[in-house]
Amino acid sequence: MTDAPGAAPDPAPGPGAVLVLGEALIDLVPTADDAEAHLAQPGGAPANVATGLARLSTPSWFAGALGNDGFARSIERRLVSAGVELGLCARPDLPTALAVADPGPEGTGYHFHLQSTATFQLPRRMDVERFAAVYVGGLAAVVEPAASAVAAAARAAAAGNPLLVVDPNVREDRTLDAESGLRRLRELCELGQVVKASDEDLARLWPDSTPDETCRRLAAGGRLVVLTRGSRGSTAYSAGSADPVSVPAEPVEVVNTIGAGDAFTAAVITWLVSRGVHTGQVPEFTPAPLRDMLGFASRVAASVVAQAGTEPSLPAPV
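Calculation criteria
Residues numbered from 1 in each chain as written. Predicted model: local features only at pLDDT ≥ 70, side-chain atom pairs only at ≥ 80, totals over all residues. Heavy atoms only, no water. Helix = DSSP H or I, 4+ residues; strand = E, 2+ residues; numbered from the N terminus. Buried < 20%, exposed > 50% of the residue type's maximum accessible area, 1.4 Å probe, protein only. Contact = heavy atoms within 4.5 Å. Axes fitted to C-alpha atoms, helices over the stretch in contact; angles between N-to-C directions. Parallel < 35°, antiparallel > 145°, perpendicular 65-115°, else oblique. Left-handed = near helix turned anticlockwise from the far one by under 90°. Nonpolar A, V, L, I, M, F, W, Y, C, P; charged D, E, K, R; others polar. Pairing = 2+ DSSP bridges. Salt bridge = Lys/Arg side-chain N within 4 Å of Asp/Glu carboxyl O. Phe/Tyr/Trp six-rings, centres within 6.5 Å; stacked < 30°, edge-to-face > 60°. Lys NZ or Arg CZ within 6 Å of the ring centre and 35° of its normal. Polar contact = N/O pair within 3.5 Å; in protein donor to acceptor, adjacent residues only side chain to side chain.

Its location among the elements puts Pro 244 in the loop between β11 (234–237) and β12 (245–247). The exposure class assigned to Pro 244 is partly exposed, which follows from its relative accessible area of 27%. Each C-alpha atom of the pair Pro 244 and Pro 287 lies 7.9 Å from the other, and the pair is 43 residues apart in sequence. Discounting chain neighbours no more than four positions away, the residues touching Pro 244 are Arg 216, Thr 235, Ala 236 and Tyr 237.

Written as structure tokens, this is what we have:
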């Protein structure tokens with residue numbers, strides 16, 4: 001692949017570096033004291049994961065696109081302050097996409113403003129083989145022209161050495177092509193060596209199976225599958241473990257749920273890479289390490305839920 005217009009030459013990633021592909025956008029979130037007022041905060045699942053990895057001391061490279069407006073500068077400040085490497089980012093002369101958050105008792109829905117924005121003009125050169133792991137998911141996996149770039153990079157990662165981590169992060173909105181998007185996300189899940197998904201994601205992707213049945217099927221193909229169920233905790237499925245392993249959610253006073261799933265994903269990747277699981281093939285885990293992984297990820301996610309932002313922090317050793 002060739003360099004994207006405006007992309008600066010990038011240094012070589014170091015050992016254990018993770019490449020994160022996808023969107024960085026602005027979430028417009030209702031304020032607590034005025035439902036008519038919205039706070040603009042940097043978001044996008046991949047950008048959240050890239051930031052989370054860096055906050056957890058995992059070398060993080062973000063391959064997205066940053067536009068030419070004040071929102072893009074805000075996003076860049078957030079990523080850089082966390083320690084994310086932006087040498088692979090494209091810099092189109094376009095505005096930033098917006099996601100209007102609609103929090104509710106069953107979670108947060110979104111309404112998107114995506115047309116004619118920089119957000120999905122992903123760089124054309126990825127060189128995924130230089131990285132220990134590659135993450136894909138989010139809106140960029142289903143919105144063109146980003147979706148084609150994500151699919152190509154995912155196929156290259158699956159055929160090579162990097163560990164391919166997929167978080168489908170299904171979103172529904174009138175601006176999205178639901179049928180095409182779900183097909184693309186199913187294909188990515190089938191490519192991935194690690195699949196992290198919520199029970200809601202899997203119910204939308206494979207409505208004819210229960211989330212448990214889908215996880216067992218994906219794990220039987222040699223994958224590590226991690227299922228999150230919000231306040232009901234998380235479960236890991238591995239071909240090497242006869243039964244799935246579950247841990248409860250970390251008890252915490254809920255202040256905010258936006259970004260918690262992305263923090264969980266960043267923690268899972270950090271746990272895997274720090275243990276050398278980045279050869280493109282996931283080992284068959286026994287229950288003890290799976291329990292350790294889920295516990296670590298749950299504590300990291302809780303650090304987001306307990307505050308009014310999306311920045312995770314390393315939990316204290318237990």
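Between two packed helices, what matters for the description is the angle formed by their axes and the separation of those axes. It is at 8 Å that the axes of helix α1 (residues 45–55) and helix α7 (residues 260–274) come closest, and there the two elements cross at 50°. What the angle tells us is that α1 and α7 run oblique. For the pair α1 and α7, the crossing hand works out as right-handed. Along the contact surface, α1 presents Ala 45, Asn 48, Val 49, Gly 52 and Leu 53, while α7 presents Asp 262, Thr 265, Ala 266, Ile 269 and Thr 270. Grouping the constituent residues of the contact of α1 with α7 by class yields five nonpolar, four polar and one charged.

This part is about the sheet that holds β12. For sheets, the rule is that strands pair by backbone hydrogen bonds, running either parallel or antiparallel. Read from one edge of the open sheet, eight strands run β4-β1-β7-β8-β9-β10-β11-β12, paired in mixed fashion. Looking at which strands have only one partner, the edges of the open sheet turn out to be β4 (60–63) and β12. Direction aside, the axes of adjacent strands within the sheet are offset by 15° on average. Here five bridges tie strand β9 (residues 194–198) to strand β10 (residues 224–228), and the two strands are oriented parallel to one another. Within β10, the position partnered with Ala 197 by the bridge is Leu 227. Along the sheet, helix α8 (residues 287–305) makes contact with β10, β11 and β12, crossing β12 at roughly 30°.

The next thing to look at is the pattern of salt bridges. One pass over the full model with this rule turns up 12 salt bridges. Here Arg 184 ties to Glu 144 by a salt bridge, and the two come within 2.7 Å at their closest N and O atoms. Highlighted residues: Arg 184 in helix α4 (residues 178–191) and Glu 144 in the loop between β7 (133–137) and α3 (146–159), separated in sequence by 40 residues. Take Glu 144: its relative accessible area is 39%, and that puts it in the partly exposed class. With its nearest N and O atoms 2.5 Å apart, the salt bridge here joins Asp 199 to Arg 232. Taken together, the residues Asp 199 in helix α5 (residues 199–205) and Arg 232 in the loop between β10 and β11 connect sequence positions 33 residues apart. Each of Arg 125, Asp 127 and Arg 130 takes part in salt bridges that share partners, so that together they form one network.

With that out of the way, let us pick up the packing of aromatic side chains. Enumeration according to the criterion identifies two aromatic pairs in this entry. Considering the side-chain rings of Trp 61 and Phe 131, the 5.7 Å spacing of their centres and the 75° angle between planes classify their relative orientation as edge-to-face. Remark: Phe 131 occurs in the loop between β6 (107–113) and β7 and Trp 61 occurs in strand β4; sequence separation between them is 70 residues. By the burial criterion, Trp 61 is buried, and Phe 131 matches it. The residue whose ring lies beneath Arg 217 is Trp 206, and the NZ or CZ to ring-centre distance is 5.1 Å.

Geometrically, the link from Glu 144 to Pro 145 is a cis peptide bond, its omega value of 5° lying close to zero. By the element assignment, Pro 145 lies in the loop between β7 and α3. Phi at Asn 169 takes a positive value of approximately 45°, unusual for a residue other than glycine. Counting through the fold element by element, Asn 169 comes out in the loop between β8 (163–167) and α4.

At their nearest, the axes of α1 and helix α2 (residues 70–82) sit 8 Å apart, and the two run at 25° to each other. It follows that α1 is roughly parallel to α2 by the angle criterion. Contact residues: α1 offers Ala 47, Asn 48, Thr 51, Ala 54 and Arg 55, while α2 offers Arg 78, Leu 79, Ser 81 and Ala 82. When its residues are assigned to classes, the contact of α1 with α2 shows four nonpolar, three polar and two charged.

Turning next to the side chain of Asn 169. By relative accessible area, Asn 169 is classed as buried at 11%. A distance of 3.3 Å separates a polar atom in the side chain of Asn 169 from a polar atom in the side chain of Asp 262. In this structure Asn 169 touches Ala 45, Gly 138, Asp 201 and Asp 262, once residues within four positions along its chain are discounted.

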